[in-house]
Amino acid sequence: MFITFEGPDGCGKSTQSRLMAEKLEAAGYRVVYTREPGGTDIGRKIRQIVLSNANEGMSPIAEALLYAADRAQHVFEIIGPTLKAGRVVVSDRFVDSSFAYQAVALNVGMAEVKAANDIATGGLRPDLTILLDVDPRTGISRVKKAKSKGQAEAQVDRIEARDLEYHAVVRKAYLDMAAREPDRIKVVDATSGDVASVHSKVCDIVMGFFSSKDVSK
Ligand code: TMP
C-alpha cells in the first residue's frame, strides 16, 4: 500500500503525513515514512541543489529532471523495496508534485514530466493520495511564519519564494488532478490550520480505504 500526501506549500502536509504514519503504526501496520525531495542521502544533495536560492538561473526542465532524479533514487532505495516487502509507504510528496509545480505551473508540459517520471519510477502510482488544499495566501504566510520562528528550514526556499500567482496555479493544478482522478486523490480542506480536525478527516479517509482493501498487518 502506497499512500502519498500532496498540496501547495504551507498546507500542513508534513505534520499530517507524519501523524497519519504514526496512527497506522499504532494500528499495527508496518509503515515506512518518507518524503520528497530528500528521502535518501543522494536525494538530500539534490534537495539542496533544487531548493537553493543561489540557483536562481536553473532551467524549468533541469528543475523537473532533478526532482525526477531524486524520485528515481527514492523508488530504487526506499519505496520499491519497502512495497516489495509488503509494508506500507507513507510519502510526503511524489509525482503529483512534479505535475503541479513543474508540468503545469512552470509550463514544462504534462507529457514531458510524465515521460521523465515514468523512467524514474517505472510508472509507479500511489494507491491513495491525500491532497491538503489551502489557498496560496494562507499557505505562504504560514510558511513565512514557521520559518521566522525557526520551526522549519532556515530560509524561504527558491520554490516558496515564487509569487502568489505561481502558487495559485499549483493549487489549481492539484484540484484539476483530483477532479480527474477522484478515486485516488481525496481532497481535504486544510485552510483552518487546526491540526486535530484535519487529522481526523484524513484518518477517516485512510482508515476507510485500508478496511475496504483489506490491507494485511
Ligand atoms: P517540501 O516543502 O514539501 O519539503 O517540498 C520542497 C519544495 O519542493 C516545495 O516547494 C515543493 C517543491 N517540489 C516541486 O516543485 N516538485 C516536486 O516534484 C517536489 C517533490 C517538490
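**A few points about the packing of helix H6 (residues 136-148) against helix H7 (residues 164-180)**
Line of reasoning, step 1. At a minimum axis distance of 9 Å, the contact between H6 and H7 shows a crossing angle of 115°. Note that H6 runs across H7; the crossing there is right-handed. Where H6 approaches H7, its residues Pro-136, Arg-137 and Ile-140 are matched on the opposing element by Leu-164, His-167, Ala-168 and Arg-171.
Line of reasoning, step 2. The residue inventory of the contact of H6 with H7, partitioned by class, reads four nonpolar, one polar and two charged.

**Some remarks on the site of the ligand**
Line of reasoning, step 1. Neighbouring residues of the ligand: 15 residues in total, closest Asp-9, Tyr-67, Arg-93, Ser-98 and Gln-102.
Line of reasoning, step 2. Lys-13 is positioned such that a nitrogen or oxygen atom in its side chain is 2.9 Å from an oxygen atom of the ligand.
Line of reasoning, step 3. Here an oxygen atom of the ligand and a side-chain polar atom of Tyr-67 are 2.9 Å apart.
Line of reasoning, step 4. Bound to the protein, the ligand loses 95% of the 480 Å² it would expose on its own.
Line of reasoning, step 5. In this structure the site holding the ligand corresponds to the largest pocket.
Line of reasoning, step 6. Mapped by element, the contributors of at least two residues to the shell around the ligand are helix H2 (41-51), helix H3 (60-84) and helix H4 (95-104).

**Notes on H3**
Line of reasoning, step 1. With 25 residues, H3 should reach 36 Å at 1.5 Å per residue; the first-to-last C-alpha distance of 33 Å fits that figure.
Line of reasoning, step 2. At Val-75, H3 is bent by approximately 50°, the largest bend along its length.
Line of reasoning, step 3. Among the residues of H3, Glu-63, Ala-64, Tyr-67, Ala-68, Asp-70, Arg-71, Gln-73, His-74, Val-75, Ile-78, Ile-79 and Thr-82 are the ones counted as buried.
Line of reasoning, step 4. Packed against the buried residues of H3 are strand S1 (2-6), strand S2 (31-35), H2, strand S3 (88-92), H4 and helix H5 (110-121).
Line of reasoning, step 5. Gly-86 lies just past H3 and shows a positive phi near 80°.

Analysis parameters
Residues numbered from 1 in each chain as written. Predicted model: local features only at pLDDT ≥ 70, side-chain atom pairs only at ≥ 80, totals over all residues. Heavy atoms only, no water. Axes fitted to C-alpha atoms, helices over the stretch in contact; angles between N-to-C directions. Helix = DSSP H or I, 4+ residues; strand = E, 2+ residues; numbered from the N terminus. Left-handed = near helix turned anticlockwise from the far one by under 90°. Contact = heavy atoms within 4.5 Å. Nonpolar A, V, L, I, M, F, W, Y, C, P; charged D, E, K, R; others polar. Near = heavy atom within 4 Å. Polar contact = N/O pair within 3.5 Å; in protein donor to acceptor, adjacent residues only side chain to side chain. Areas by Shrake-Rupley, 256 points an atom, 1.4 Å probe, with all protein chains shown as cover. 1 Å grid on protein atoms, 1.4 Å probe; cavity = no way out; pocket = protein on both sides within 12 Å on 5 of 7 lines; lining within 4 Å. Sits in = over half its atoms within 2 Å of the grid points. Expected span 1.5 Å × (residues − 1). Bend = angle between axes of the 7 residues up to and from the residue. Buried < 20%, exposed > 50% of the residue type's maximum accessible area, 1.4 Å probe, protein only.

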